[in-house]
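The residues making up each chain are set out below.
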Amino acid sequence: MTDRQITTGRLYGVGLGPGDPSLVTVRAAELIGKADVVAYHSARHGRSIARSIAERYLTGGQIEEKLVYPLTVETTDHPGGYRGALDEFYEEAAARLAAHLDAGRDVVVLAEGDPLFYGSYQHMHKRLAHRYPTEVVPGVTSVSAAAARLGQPLTEAEETLTVIPGTLPEEELTARIASADSAVIMKLGRTFPAVRRALERAGRLEDAQYVERAFMDGERIAPLAEVDGESVPYFSVAVLPSKVAPLEPAVRLADGVGSVTVVGTGPAGPLWLTPEARGALAEATDLVGYTTYLDRVPERPGQRRHGSDNKVESERAEFALDLARRGHRVCVVSSGDPGVFAMATAVLEVACEPDYRDVPVRIVPGMTAAHAAASRAGAPLGHDYAVVSLSDRLKPWDVVAKRLRAAAEADLVLALYNPGSKSRTTQVGLARDVLLEYRAPETPVVMARDVGGPTERIRTVRLGELDPALVDMRTILLIGSSQTQAVERGGGLEVVWTPRRYPEA
């Protein structure tokens, strides 16, 4: 036997679908019937859901390898803890299967659902697939089974589907749920109370559906809010279906008064959105905002978009509040953070008038332009700093100059918003001259334009050389204090940072 090669067996990871034996694929049934060895995982009680699904396809002549978990939720005295005990079990199970494969036997490992979707088979695959010829046979996942039983689309048009394990920490669950279009939350059982709280905190509880044992005996479907947490098994999922379908019939409105949410989208596109902001935008029936900022938000079927010019903040706020009084869920879109020289103040100013005081208003923060610009330059805002708008459209220039002098005299780093526009061309020069009364001409100045956008440009100049002609409305200026450093590092890159410690007087 030493001068000829022994042929090994083949490893098959076979998906069985969600539970109904009739949903097993033709390929899976063929392989189960022809296998020399059929392996399946089970708990200590010895019963295997996978085997029960595949039973009608077994011939009775196969070797059966029952891979019994050493523990499920019990405690263990294994030196590696729960994870160590499982890893040892998987190594031992893989060794048992390898012995059959080395003897030339074909091995089918049964897996509920799909073998590579949260399946136990994947642990065998990682340990054996690089050593033996291997084929994975896909199966219908519990995600598809739940959607089929609900009879509702999971995703439509440009929606994305998020699959979330319920075992994540509650804060993480809340963030993932809030940012999702559609979602399926797996692994409920003991995690159900935390999942329910996360859905409620994310404002998605009323949309959530509960599916238990889809296509199996004991199947149950219900609104998740009505489910008793004590009765939830592991084989259940929470589903947040597509948002497109409910919005199609002329936009679904809230009962009675709607709401206004002012959302900060950050300095540029979708990469700067927080999960909370994504969730709020997805839930809205109407989006209101300056057209340039609305264009950054992906369009969703059924949502209404109301764009306007950037100089009608009060009118825009009143329009949004009127929509909310008629039952619409309105998002007012604002760049950066809505509370920093943006739409939150405009909305609250109108919302505090008697006619609108009963309309719920919520503010969702966003990444500010100052913080985004600072991150590109280094850490110029590492110590105390002040934020000042150079626009004199809503306040006189002498107020601006007074504030600049006060901040400069206090030796604060300055973040200057709204430095210039086509109709305002003198403010940057005037501000530079005021600051030079208190700062050295060598003071670093970060000029950040279109941060996060396609024409982003970050430059560091010195205060004495600041050229107003290079500054426009899409630029933010970060003026260093007496302590701010501009240091050239490897590759000629200059970084700007302000020490956290201020020298003794």
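Preceding this paragraph is the structure being described.
Residues numbered from 1 in each chain as written. Predicted model: local features only at pLDDT ≥ 70, side-chain atom pairs only at ≥ 80, totals over all residues. Heavy atoms only, no water.

Visitor: Please clarify how the sheet that holds strand β5 (residues 134–137) should be interpreted in this entry.
Guide: Sheet strands pair by backbone hydrogen bonding; their relative direction is either parallel or antiparallel. Read across the open sheet, the five strands follow the order β3-β2-β4-β1-β5; overall the sheet is parallel. Strands with a single pairing partner mark the edges of an open sheet, and in this sheet they are β3 (63–68) and β5. On average, adjacent strands in this sheet sit at an angle of 20 degrees to one another, irrespective of strand direction. Alignment of strand β2 (residues 37–42) against β3, held across six bridges, turns out to be parallel. Following the sheet pairing, tyrosine 40 is matched in β3 by lysine 66. Set on the sheet, helix α1 (residues 26–34) makes contact with β1 (11–15), β2, β4 (107–111) and β5; between it and β1 the angle comes to about 135 degrees. (Pairing = 2+ DSSP bridges. Helix = DSSP H or I, 4+ residues; strand = E, 2+ residues; numbered from the N terminus. Axes fitted to C-alpha atoms, helices over the stretch in contact; angles between N-to-C directions. Contact = heavy atoms within 4.5 Å.)

Visitor: Looking at this structure, I do not really get the pattern of salt bridges. What am I missing?
Guide: A side chain with one charge may pair with a side chain of the opposite charge, provided their charged atoms come close. Tallied over the full model, the rule gives 26 salt bridges. Glutamate 200 is the salt-bridge partner of arginine 196, the closest N and O atoms lying 3.7 Å from each other. In this pair, arginine 196 and glutamate 200 are both assigned in helix α7 (residues 192–201), four residues apart and thus about one turn of the helix distant. A salt bridge links arginine 432 to aspartate 433, with the shortest nitrogen-to-oxygen separation between them at 3.3 Å. Taking the relative accessible area as the measure of exposure, aspartate 433 reaches 41% and is therefore partly exposed. A single network of salt bridges, built from pairs that share partners, joins Glu170, Glu171, Arg197 and Arg201. (Salt bridge = Lys/Arg side-chain N within 4 Å of Asp/Glu carboxyl O. Buried < 20%, exposed > 50% of the residue type's maximum accessible area, 1.4 Å probe, protein only.)

Visitor: Could you clarify how one ought to interpret helix α6 (residues 170–179) in this entry?
Guide: Residues that lie three or four places apart on an α-helix share one face, since the helix turns once every 3.6 residues. Within the span of α6, buried status applies to Leu173, Thr174, Ile177 and Ala178. The buried residues of α6 occupy an angular sector of 125 degrees when projected down its axis, which confines them to one face. If you follow the buried residues of α6, they end up packed against β6 (161–165), β7 (182–186), α7, β10 (236–240) and α9 (275–283). (Arc of directions from axis to C-beta.)

Visitor: Looking at this structure, how should I read the packing of α6 against α9?
Guide: Angle between the axes and distance between the axes are the two parameters that describe a pair of packed helices. Packing of α6 against α9 leaves a shortest axis separation of 6 Å and a crossing angle of 40 degrees. Comparing the axis directions of α6 and α9 gives the class oblique. The way α6 lies across α9 gives a crossing that is left-handed. Judged by residue contacts, Ala175, Ala178 and Ser179 of α6 engage Pro275, Glu276, Arg278 and Gly279 from α9. Of the residues contributing to the contact of α6 with α9, the split by class is three nonpolar, two polar and two charged. (Parallel < 35°, antiparallel > 145°, perpendicular 65-115°, else oblique. Left-handed = near helix turned anticlockwise from the far one by under 90°. Nonpolar A, V, L, I, M, F, W, Y, C, P; charged D, E, K, R; others polar.)

Visitor: What is the right way to look at a nonpolar patch on the surface in this model?
Guide: The grouping of Ile49, Tyr234 and Phe235 at the surface amounts to a nonpolar patch, some 280 Å² of accessible area in total. Note on placement: isoleucine 49 falls in helix α2 (residues 49–54). On the accessibility criterion, isoleucine 49 (32% relative accessible area) is partly exposed. (Patch = residues over 30% accessible without salt bridge, like charges linked within 9 Å, V, L, I, M, F, W, Y side chains within 5 Å. Areas by Shrake-Rupley, 256 points an atom, 1.4 Å probe, with all protein chains shown as cover.)

Visitor: I keep staring at the side chain of threonine 484 and nothing clicks. Help me out?
Guide: Looking at the secondary structure, you find threonine 484 in the loop between β21 (475–479) and β22 (485–488). Within the structure, the side chain of threonine 484 is placed 2.9 Å from the backbone nitrogen of serine 481, a separation counted as a polar contact. For threonine 484, the side chain forms a polar contact with the side chain of threonine 498, separated by 2.8 Å. Look past the residues within four positions of threonine 484 in its chain and what remains in contact with it is Val413, Pro444, Val496, Trp497 and Thr498. (Polar contact = N/O pair within 3.5 Å; in protein donor to acceptor, adjacent residues only side chain to side chain.)

Visitor: Got a minute to help me understand the environment of arginine 305 in this structure?
Guide: Tracing the backbone through its elements, the reader meets arginine 305 in strand β13 (residues 304–308). Sequence separation of arginine 305 and leucine 294 is 11 residues, and the distance between their C-alpha atoms is 7.7 Å. Side-chain polar atoms of arginine 305 contact the backbone oxygen of leucine 294, separated by 2.5 Å. A distance of 3.0 Å separates a polar side-chain atom of arginine 305 from the backbone oxygen of valine 297.

Visitor: Would you mind going over helix α12 (residues 343–351) with me for this structure?
Guide: By the burial criterion, the buried members of α12 are Met343, Ala344, Ala346, Val347, Val350 and Ala351. Projected down its long axis, α12 shows its buried positions confined to an angular sector of 165 degrees, all on one face. In α12, the exposed positions angled more than 90 degrees off the buried face are occupied by Thr345 and Glu349. Elements in contact with the buried residues of α12: β11 (259–264), α11 (313–325), β14 (329–334) and β15 (361–364).

Visitor: What's the story with the sheet that holds strand β12 (residues 286–290) in this structure? I'm lost.
Guide: Read from one edge of the open sheet, five strands run β13-β12-β14-β11-β15, paired in parallel fashion. This sheet does not close on itself; its edge strands, each paired only once, are β13 and β15. The sheet shows a mean angle of 20 degrees between the axes of neighbouring strands, taken without regard to direction. As paired strands, β12 and β14 are joined by four bridges and run parallel to one another. Residue pairing for β14: valine 288 is matched across the bridge by valine 332. Sheet contacts for α11: β11, β12, β13, β14 and β15; angle to β12, the most-contacted strand, approximately 175 degrees.

Visitor: Help me understand the pairing of β2, please; the structure alone is not making it clear to me.
Guide: It is a general feature of regular strands that their side chains alternate between the two faces of the sheet. In terms of burial, β2 is a largely internal element, six of the six residues being buried. Of the two faces of β2, the one carrying Val37, Ala39 and His41 and the one carrying Val38, Tyr40 and Ser42 are both buried. The β-α-β motif built from β2, the intervening α2 and the parallel element β3 has right-handed crossover chirality. As defined by bridge partners, β2 adjoins β4 across three bridges and the pair is classed as parallel. Across the sheet, the residue bridging to alanine 39 is valine 109, located in β4. (Right-handed = clockwise from strand over helix to strand, strands pointing away.)

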